[in-house]
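Structural description and commentary
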Amino acid sequence: MRTHRYQITVSGSLGEIGREAFGDFRIESNGTNTTLACDLDQAALYGVLNRILALGFELLELTRLADGNSANAE
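So, a few notes on the structure that sits alongside this text.

**Observations regarding the environment of Thr9**
Mapped onto the elements of the fold, Thr9 is located in strand β1 (residues 4-11). On the basis of relative accessibility, which here comes to 10%, the residue Thr9 falls in the buried class. In this view, Thr9 contacts Asn33, Thr34, Thr35, Glu58, Leu59, Leu60 and Glu61; residues no more than four positions away in its chain are not counted.

Here is the structure:
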């Protein structure tokens, strides 16, 4: 399955458990919201969305970035 780069924004900051749950993501927080970025296939994307739901985070935005593009390039 093909992977794409996704940027996911949730409300609030991640505590220790949240950071551990998304340890394979690039995590950036502005104090109000947290942005997670990672390359995912469709099955992994659904798994991440389920993880967000299970941890009680409010999903604000989900963006599939253009191939080779990242809002927060590494």
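Read on for the rest.
**Side note on helix α2 (residues 42-54)**
With 13 residues, α2 extends 18 Å between its outermost C-alpha atoms, agreeing within 8% with the 18 Å of an ideal straight helix rising 1.5 Å per residue. Buried residues in α2 make contact with β1, β3 (33-40) and β4 (59-64). Its side-chain oxygen 3.2 Å from the backbone nitrogen of Ala43, Asp41 forms the N-cap of α2. Within two residues after α2, Gly56 carries a phi angle of roughly 80°, on the positive side.

**Comments concerning the environment of Leu62**
Considering the arrangement of structural elements, one finds Leu62 in strand β4. Sequence spacing of Leu62 and Ala37 is 25 residues, and the spatial spacing of their C-alpha atoms is 9.9 Å. For Leu62, the residues in contact, after removing those within four places along its chain, are Tyr6, Gln7, Ile8, Leu45 and Leu49.

Cut-offs used in this document
- Residues numbered from 1 in each chain as written.
- Predicted model: local features only at pLDDT ≥ 70, side-chain atom pairs only at ≥ 80, totals over all residues.
- Heavy atoms only, no water.
- Helix = DSSP H or I, 4+ residues; strand = E, 2+ residues; numbered from the N terminus.
- Buried < 20%, exposed > 50% of the residue type's maximum accessible area, 1.4 Å probe, protein only.
- Contact = heavy atoms within 4.5 Å.
- Expected span 1.5 Å × (residues − 1).
- Polar contact = N/O pair within 3.5 Å; in protein donor to acceptor, adjacent residues only side chain to side chain.

From the geometry alone we can't say anything about function, so treat these as descriptive.
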